[in-house]
Amino acid sequence: MELQFKLKASFKTSADASGAKDLIGAYFDEANQGILTRGAPEGQGARIVEWGLEGDRINLTIESGKHVRAHDALLRLRKPLATKLGKDFHIGIRGIDVGSFVIRIPSEKPLGEIKIPYVNSMDYGDGVITLTLEVEEAELDNRVPDRILTLMEDKIAAQTYGGKAEHWSLLWESEKKVHRFSEDPTIEMQKRGWLKRGASRGQWIHGPQSTRLFRVFEKIVIEELLDPLGYREMIFPKLVPWDVWKKSGHAKGVYPEIYYICPPKTRDPKYWEDVIDYYKVTHEVPTAMIKEKIGDPIGGMCYAQCPPFWVYLQGETIPTNEFPLKVFDHSGTSHRYESGGIHGMERVDEFHRIEIVWAGTPNQVLSHSKELQEKYKRIFNNILELEWRKAWVTPWFMAQEGMTGLSEGKDIGTIDYEAPLPYRGEEGDWLEFQNVSVNGNKYPSGFNVKCQSGEELWSGCSGVGLERWASVFLAQKGLDPENWPNEVRERVGELPKGIRFL
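The residue numbering used here restarts from 1 in each chain and proceeds along that chain's sequence as written. It should be noted that, the model being predicted, local features are given only for residues of pLDDT at least 70 and side-chain atom pairs only at 80 or more, the latter also being counted only at that level, while totals for whole chains, interfaces and linings use all residues. Side-chain descriptors were evaluated using all non-hydrogen atoms of the structure, hydrogens and water having been removed beforehand.

K.L.:
Report on the nonpolar core, specifying residues and quantitative values.
P.N.:
In this structure, Ile 356, Tyr 376, Phe 380, Leu 384, Phe 433, Trp 469 and Phe 473 are the most contacted members of the largest nonpolar core, which totals 55 residues. The set of elements that each furnish at least two residues to this core consists of α6 (208-226), β17 (350-360), α10 (362-383), β19 (413-419), β20 (431-440), β22 (458-465), α13 (466-477) and α14 (486-492). The biggest single contributor to this core is α6, with 8 residues. Residue contacts are counted whenever heavy atoms from the two residues lie within 4.5 Å of one another. In this structure Trp 469 touches Phe 217, Val 221, Tyr 376, Ile 379, Phe 380, Leu 384, Phe 433, Gln 434 and Val 464, once residues within four positions along its chain are discounted. The nonpolar core is taken to be a set of buried Ala, Val, Leu, Ile, Met, Phe, Trp, Tyr and Cys residues, with the residues joined through side-chain atoms within 4.5 Å. Each residue's exposure class comes from its accessible area (1.4 Å probe, protein chains only) as a fraction of the maximum for that residue type: buried when under 20%, exposed when over 50%, partly exposed otherwise. Counting residues in each nonpolar core, the second largest holds 48 residues, with Ile 24, Leu 60, Leu 81 and Ile 103 among its members. Each helix is a run of H or I in the DSSP string that is no shorter than four residues. Each strand is a run of E no shorter than two, and both are numbered from the N terminus.

Written as structure tokens, this is what we have:
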């Protein structure tokens, strides 16, 4: 079975149109052979299967498949019909009423209990999801049925996607290494006073020792990768408004994982006096009262570091010789509300990252991805001396859009760098600690960035997560510098003393 539409609707007329019955019938017959077949293979256009007149209503039922959707067919009919009625009978069309709108979508499984705007009911049977829509003319004009259908197709595709493991392909693996440490590094760091839990969920306060190691990692990335490849440092915003996430595509599904930002409705101290007085009397923060005094969320804290950068390029045409454009940011924290249990440094809500972004023609972006990969390989093999591997994976947003990467001869997707954590045992899951992503034209297109030559623009990004690097490095090498590789030990120098407590 293929996609099916059945729409019952009425054109509202300015007067009784019974005198124009023959004209209307002739026009609908003509439309079934002409305007409703435009753009569809032969025999697969939309059809008016039933129509009739009722006072100031022209009632009709349209059935269609995927090529000329029934709501598109109805809108195609409106203007020519209005022209004919106006010319010959001085009758106008004042609008459209939708009686019922049913869409049948093939699916191997039901989707369960979900709520979708403008969907009145959803049923499943015999491999078909049946949607009953509750829409009017404004929703038809605004393409709401098409967006509902796209959403349904995404949800159906999500059932077959299955997760990262099904879209994982090993590209390279280092030799096995002997690990001299088998403890959980986060626990050992806490014992030694290298870090303490912060006041917020999934947050750490790093002491002088682990901070020194973080700064060494940053210096390695800058000196061994960013400077040699010609990157320029920028500062990206860390509060991200909805408009940015709309253009980057994150607005499609970021909601369960972001920390929301809500501004106060006013800065007037009198407006906040009752909240202030409540705290002074009770020493409790009245969050329920605060909720009433803050505005709607304007966005959230930095989730994926690169989207706010693209506002800098938005709507611009850039000289061809500026490409490949290469920039990076390490000016602040990123925040994600992690699902499941947060654990140690490797799974946190607040983390520190160097975000690397490059853009250019497809060939430039792909070529630079290879350069980055070689630099990472040298860092992980020769400086950090890690046991690691890299694998091709298809990010979920790309799987939704049919971009399944190398398996279909495409180059869009992500390379994950993974490493074993000895304390998890031989069969323990490996930790993803680095990535290199080629995002195709997703960001240049979303933010309307153009090249002077007119060539298509692509982009890529790569996030260096300092907590992840530290988790892997310390899990494999331990906390004692004498067990660290020579170059790391030389760069760190003497570890600073921690803060003592009585």
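Now, onward.
K.L.:
Provide a residue-level description of the pattern of salt bridges, including the pertinent values.
P.N.:
The term salt bridge refers to a side-chain nitrogen of Lys or Arg lying within 4 Å of a carboxyl oxygen of Asp or Glu. A full pass over the atoms with the stated rule returns 29 salt bridges. For Arg 192, the salt bridge goes to Asp 480, with nearest N and O atoms at 2.8 Å. Here Arg 192 is found in helix α5 (residues 185-192), whereas its partner Asp 480 is found in the loop between α13 and α14, with 288 residues between them in sequence. For Asp 480, a relative accessible area of 28% corresponds to the partly exposed category. Its salt-bridge partner being Asp 349, residue Arg 201 comes within 2.7 Å of it at the nearest N-O pair. Here the residue Arg 201 occupies a position in the loop between β8 (195-197) and β9 (204-206), and Asp 349 occupies one in the loop between β16 (333-335) and β17, the gap between them amounting to 148 residues.

K.L.:
Describe the sheet that holds strand β3 (residues 57-64), listing the residues and the values that go with them.
P.N.:
Only strands that DSSP links by at least two bridges are regarded as paired with each other. With antiparallel pairing, the 6 strands of this open sheet are ordered in space as β2-β3-β1-β4-β6-β5. A strand with exactly one partner marks an edge of an open sheet, and here the two such strands are β2 (47-54) and β5 (119-125). Each strand axis lies, on average, 15 degrees off the axis of its neighbour in the sheet, ignoring direction. Pairing geometry for strand β1 (residues 4-13) and strand β4 (residues 93-106), over 10 bridges, is antiparallel. Bridge pairing links Lys 8 to Ser 100 in β4. Axis geometry follows a simple rule: fit a line to the C-alpha atoms, using only the stretch in contact for helices, then measure angles between N-to-C directions, giving values from 0 to 180 degrees. Taken strand by strand, helix α1 (residues 21-33) contacts β2 and β3, and its axis lies near 165 degrees from that of β2. Its contacts with the sheet place helix α2 (residues 70-89) against β1, β2, β3 and β4, and it is angled at close to 25 degrees to β1.

K.L.:
Explain the sheet that holds strand β11 (residues 239-241) to me, and be specific about the residues and the numbers.
P.N.:
Spatial ordering of the open sheet is given by β11-β13-β12, a layout of 3 strands whose pairing is antiparallel. In the strand order of this sheet, the two ends are held by β11 and β12 (260-261), each with one partner.

K.L.:
Would you mind going over the pairing of β17 in detail, with residue names and values included?
P.N.:
A large share of β17 lies buried, amounting to 10 of its 11 residues. Sheet topology places β16 next to β17; 3 bridges connect them, and they run antiparallel. Bridged to Ser 334 within β17 is Phe 351. The pairing of β17 with β22 spans 8 bridges and is classified as antiparallel.

K.L.:
Mind laying out the pairing of β5, listing which residues take part and the relevant values?
P.N.:
On a regular strand, one side chain projects to one face of the sheet and the next to the other, so that they alternate. The pairing of β5 with strand β6 (residues 128-133) spans 6 bridges and is classified as antiparallel. Looking at β6, one finds that Gly 125 is bridged to Val 128.

K.L.:
Break down the state of the cysteines for me, with residues and values.
P.N.:
Two cysteine sulfur atoms form a disulfide, by the criterion used here, when they sit within 2.5 Å. If you walk through the whole model with that rule in mind, you get 0 disulfides. The thiol sulfur of Cys 262 is not disulfide-bonded, and the nearest other cysteine sulfur, from Cys 302, lies at 18 Å. Judged by relative accessible area, which is 30%, Cys 262 ranks as partly exposed. Looking at the unpaired Cys 306, the closest cysteine sulfur is the one in Cys 461, lying at 4.4 Å. Judged by relative accessible area, which is 3%, Cys 306 ranks as buried.

K.L.:
Tell me about α1, and please be specific about residues and values.
P.N.:
Residue pairs spaced three or four apart in an α-helix point in one direction, given the helix's 3.6 residues per turn. Each residue after the first adds 1.5 Å to the expected span of a helix. With 13 residues, α1 ought to run about 18 Å at 1.5 Å a step, and its terminal C-alpha atoms sit 19 Å apart, in line with that. Among the residues of α1, those classed as buried are Leu 23, Ile 24, Gly 25, Tyr 27, Phe 28, Ala 31 and Asn 32. Against the buried residues of α1 lie β2, β3 and α2.

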